[in-house]
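# Geometric and topological summary
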Amino acid sequence: MAERTLEGARIVIVDDGQPNVDLLEAILEKAGYTNFVSTTDSREAVGLCAQSAPDLLLLDLHMPEPDGFAVMEQLKPWIDGRWFPILVLTADVTPEVKHRALESGAKDFLIKPLDHTEVLLRVKNLLEARMMQLELRGQSLALEQQLRDR
């Protein structure tokens, strides 16, 4: 985790509500996060992820087509077996929506209206897990290369 800092982690924000995007950007910026991009057009989500290779996606569930569920489905080939944290944003706390989101690839939830402290804690937790996963993956690749070199 020494090579990459949490504050420098790449974050993509996708929410059709500009006030929500502005709020999330302000929360992240105030906490020292410097590397994020956002859109209010869910049709741009997959392209933004492919372009910026984010460490975390903050994704609204209920948007005009494609909604957050469809975006997660579209991201599956891009994710391709990697552990990629998606933090979904929703005001819908029904068990059906939670279960569907988790089955679709979400790793955690933020319930709207957003609580600043909770946003930062969940972002931090997911980014720490992502950085550890990347570190382990790097170590695994290095060990595989050492075995091949023998």
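What comes next concerns the included structure. Keep in mind the model is a prediction, meaning the values are calculated, not measured.

Thresholds applied
Residues numbered from 1 in each chain as written. Predicted model: local features only at pLDDT ≥ 70, side-chain atom pairs only at ≥ 80, totals over all residues. Heavy atoms only, no water. Axes fitted to C-alpha atoms, helices over the stretch in contact; angles between N-to-C directions. Helix = DSSP H or I, 4+ residues; strand = E, 2+ residues; numbered from the N terminus. Parallel < 35°, antiparallel > 145°, perpendicular 65-115°, else oblique. Left-handed = near helix turned anticlockwise from the far one by under 90°. Contact = heavy atoms within 4.5 Å. Nonpolar A, V, L, I, M, F, W, Y, C, P; charged D, E, K, R; others polar. Phe/Tyr/Trp six-rings, centres within 6.5 Å; stacked < 30°, edge-to-face > 60°. Buried < 20%, exposed > 50% of the residue type's maximum accessible area, 1.4 Å probe, protein only. Lys NZ or Arg CZ within 6 Å of the ring centre and 35° of its normal. Salt bridge = Lys/Arg side-chain N within 4 Å of Asp/Glu carboxyl O. Arc of directions from axis to C-beta.

## What to know about the packing of helix α1 (residues 18–30) against helix α5 (residues 116–149)
Between α1 and α5, whose axes approach to 10 Å, the crossing angle comes to 65°. Here α1 is positioned roughly perpendicular relative to α5, judged by the angle of their axes. The chirality of how α1 crosses α5 is right-handed. For the pair formed by α1 and α5, the contact residues are Leu23, Leu24, Ile27 and Leu28 on the first element and His116, Val119, Leu120 and Val123 on the second. Partitioning the contact of α1 with α5 into residue classes produces 7 nonpolar, 1 polar and no charged.

## Details of the packing of aromatic side chains
Within the structure shown, the criterion is met by 1 aromatic pair. Ring geometry for Trp78 versus Phe84: centroids 5.1 Å apart, planes at 85°, classification edge-to-face. Given the relative accessible area of 4%, Phe84 is considered buried. The ring centre of Trp78 lies 4.6 Å from the NZ or CZ of Arg82, which sits over that ring. Looking at Arg100, its charged tip hangs above the ring of Phe69, at a distance of 3.8 Å from the centre.

## Details of the pattern of salt bridges
With the rule as written, the count across this model stands at 9 salt bridges. With a shortest N-O distance of 2.7 Å, Arg122 and Glu118 are connected by a salt bridge. Here Arg122 pairs with Glu118, and both are found in helix α5, just 4 residues apart, close to one helical turn. For Glu128, the salt bridge is made with Lys124, and the minimal N-O distance between the two is 3.0 Å. Of this pair, Glu128 and Lys124 both sit in helix α5, 4 residues apart, roughly one helical turn. Its relative accessible area of 36% is what places Lys124 among the partly exposed residues. Each of Arg10, Asp55 and Arg130 takes part in salt bridges that share partners, so that together they form one network.

## Thoughts on unusual backbone geometry
Omega for the bond connecting Glu65 with Pro66 falls within 30 degrees of zero, at -5°, which places this linkage in the cis form. If you trace the backbone, Pro66 turns up in the loop between β3 (56–60) and α3 (68–79). A cis amide bond, omega 0°, links Lys112 with the succeeding residue Pro113. Take Pro113: it is sitting in the loop between β5 (108–111) and α5.

## Digging into helix α4 (residues 95–104)
All buried positions along α4 are accounted for by Val97, Ala101 and Ser104. Down the axis, α4 shows its buried residues gathered within 65° of arc, on one side only. Turned more than 90 degrees off the buried face of α4, the exposed positions are Glu96 and Glu103. Against α3, β4 (86–90) and β5 lie the buried residues of α4. Gly105, located one to two residues past α4, shows a positive phi value of around 125°.

None of this, on its own, says anything about what the molecule does.
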